[in-house]
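The primary structure of each chain is shown beneath.
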Amino acid sequence: MREIVLDTETTGLDPLRGDRLVEIGCVEIFNRMPTGQTYHVYINPERDMPAEAFAVHGLSTEFLASKPLFAEVVDEFLAFIGDTPLVIHNASFDVSFINAELDRIKRATIPKDRLVDTLLLARRKHPGVSNRLDDLCSRYSIDNSHRTKHGALLDAELLAEVYIDLIGARQSQLILASEASDARIGSYGDTPRRQREIPLVPRISAADREIHRAFVATLGDKPIWNDYLPPVPVAAPAA
């Protein structure tokens, strides 16, 4: 299953009060594993950058002035995310800004049923404690020492790692890897296969076997498939 882990940076906290999107970062994961495919873009917000927001992400008005407008990158962005689920930390915040930009250029907005909110997942799994991205990285031993400021792509990459741990997918991968290692012992390079804990119940009953034997008995001593069997080697006479 394909999913997109997404993060944004903005000029502030409220798109309804004139705050705008300035950065989008996306990481593709497939079957709970990052594929290495990413999407990243800086966006000209067509307004100044408040000091409070600059202190968070370090994106200045001057730096963003030469970047494309959202309308100029929207098609590429939408093509990358497709119709897949979007994994976002505090999803309502990021999507409110994306939808505000989409609405501004008369494009269809992203529905809520596409969102996987990792903040809500973390609160259910770890109630009563802080579940910021930095806290989750520390909890799951994910190295975020290079995160000196917020950045959409970096945060999306960290969130992808957190998400895999949060839903228990990494533990499942470790179990599969362990089983595969056990299966390879003495197999001379054969493809490892998971072993069923409980074997499947045979679909052929004893009655089915008796019916088959009775049918074979009606074919006589020389059934046609004997013509396709390799010849039986004749033992050399004893000296």
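Presented here is a report on the structure given in the accompanying data block. (Residues numbered from 1 in each chain as written. Predicted model: local features only at pLDDT ≥ 70, side-chain atom pairs only at ≥ 80, totals over all residues. Heavy atoms only, no water.)

Applying the stated criterion across every chain, the model contains 4 aromatic pairs. Seen in terms of ring centroids, Y39 and F77 are 6.0 Å apart; in terms of plane orientation they differ by 40°. Their pairing is tilted. Of the two residues, Y39 sits in strand 3 (residues 33-42) while F77 sits in helix 3 (residues 70-81), which places them 38 residues apart along the sequence. A residue is classified by how much of its surface remains accessible, and Y39, at 6% relative accessible area, is buried. Judged by relative accessible area, which is 0%, F77 ranks as buried. Grouping aromatic residues by their ring pairs yields a cluster made of Y39, F77 and F80. Positioned over the ring face of F80 is R2, at 5.5 Å from the centre of the ring. (Phe/Tyr/Trp six-rings, centres within 6.5 Å; stacked < 30°, edge-to-face > 60°. Helix = DSSP H or I, 4+ residues; strand = E, 2+ residues; numbered from the N terminus. Buried < 20%, exposed > 50% of the residue type's maximum accessible area, 1.4 Å probe, protein only. Lys NZ or Arg CZ within 6 Å of the ring centre and 35° of its normal.)

Attention now moves to the pairing of strand 3. Two elements, strand 2 (residues 21-30) and strand 3, share 7 bridges in a ladder whose sense is antiparallel. Each bridged residue has a counterpart across the sheet, and for E23 the counterpart in strand 3 is Y42. Between strand 2 and strand 3, which pair antiparallel and follow one another directly, the connecting turn spans 2 residues, one of which, N31, has a positive phi of 50°. (Pairing = 2+ DSSP bridges.)

With that out of the way, let us pick up the pattern of salt bridges. Overall, the coordinates contain 13 salt bridges when judged by the stated rule. In this structure, R2 and E28 form a salt bridge, with 2.5 Å as the shortest nitrogen-oxygen distance. Here E28 lies in strand 2 and R2 lies in strand 1 (residues 2-10), a separation of 26 residues in the sequence. We classify R2 as partly exposed; its relative accessible area is 23%. Note that D155 and R147 form a salt bridge whose closest N and O atoms lie 2.7 Å from each other. Using a relative accessible area of 13% as the deciding quantity, one classes R147 as buried. (Salt bridge = Lys/Arg side-chain N within 4 Å of Asp/Glu carboxyl O.)

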